[in-house]
Amino acid sequence: MLQEHAKIVQFIALANEVSGRKKLQKMIYIAKKMNFPFAEKYELHMYGPYSEELTLRVEELCEMGFLSENCTDKGSYVQYRYNVTDEGQRFLETADSPHAKLHDCIEKLNGKSSRFLELVSTVLYFDHLPQTEQIEKVHIVKNKLNYTEAEMADAFAFITDLQSCTRA
């Protein structure tokens, strides 16, 4: 019953810490697109792919004491940091072992900025389209972020690199 919850705790444990709600959303989405078994459904939202299910699961995990959510006031915004608690570590003892390549994938994702992961996840949201159309879609739905050609090229290169750590 809590297997999907355990996957989220395990993901954050493998990351050691995830800084930011948006970043966590994008990291899980990208891992899912790399064929790791995350069940959350995503829709295109203001900041790219977003899962209401993931938001609710994280809230539940915090309420159950398996995750800690620490807030830091950064002036113009609040930074959220997610960590696995001791109780969460005990909960993980009941979970299946993660796929061997998941840690590498998480490490690559956690090393990137939220802005970049927003771009990558939005590109992946349109991965059923040819690359030129993906770029056009990103410029339409993310026009205020003014992604450059270099950022787009970096996103496609990163996706290719990530595919080396996929589950498939």
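Residues numbered from 1 in each chain as written. Predicted model: local features only at pLDDT ≥ 70, side-chain atom pairs only at ≥ 80, totals over all residues. Heavy atoms only, no water.

Chemist: Teacher, can you tell me more about the sheet that holds strand β1 (residues 18-19) here?
Modeler: Working definition: the strands of a sheet are paired by backbone hydrogen bonds and lie parallel or antiparallel to each other. Reading across from one edge, β1-β5-β4 is the order of the 3 strands in this open sheet, with antiparallel pairing throughout. The outermost strands of the open sheet, each flanked by one partner alone, are β1 and β4 (67-73). Lying over the sheet, helix α3 (residues 52-63) contacts β4 and β5 (78-84), oriented at roughly 105° with respect to β4. (Pairing = 2+ DSSP bridges. Helix = DSSP H or I, 4+ residues; strand = E, 2+ residues; numbered from the N terminus. Contact = heavy atoms within 4.5 Å. Axes fitted to C-alpha atoms, helices over the stretch in contact; angles between N-to-C directions.)

Chemist: Is there a simple way to think about the side chain of glutamine 79 in this case?
Modeler: Mapped onto the elements, glutamine 79 comes out in strand β5. When sequence neighbours within four positions are dropped, the list of residues in contact with glutamine 79 reads Ser19, Gly20, Asn70, Cys71, Thr72 and Lys74.

Chemist: Would you mind going over helix α2 (residues 21-33) with me for this structure?
Modeler: Side chains of residues three or four places apart in an α-helix project in the same direction, reflecting 3.6 residues per turn. The terminal C-alpha atoms of α2, which comprises 13 residues, lie 19 Å apart, in line with the 18 Å expected from a rise of 1.5 Å per residue. Every buried residue belonging to α2 is among Lys23, Leu24, Gln25, Lys26, Met27, Ile28, Tyr29, Ile30 and Ala31, and all of these are buried. Two residues or fewer after α2 comes asparagine 35, characterised by a positive phi angle close to 75°. (Expected span 1.5 Å × (residues − 1). Buried < 20%, exposed > 50% of the residue type's maximum accessible area, 1.4 Å probe, protein only.)

Chemist: How should the pairing of β4 be read in this particular structure?
Modeler: Looking at chain direction, β4 and β5 are connected through 7 bridges and run antiparallel. Paired with leucine 67 across the two strands is valine 84, which belongs to β5. Hairpin connection between β4 and β5: a loop of 4 residues separates the two successive antiparallel strands, and glycine 75 in this loop has a positive phi of roughly 95°.

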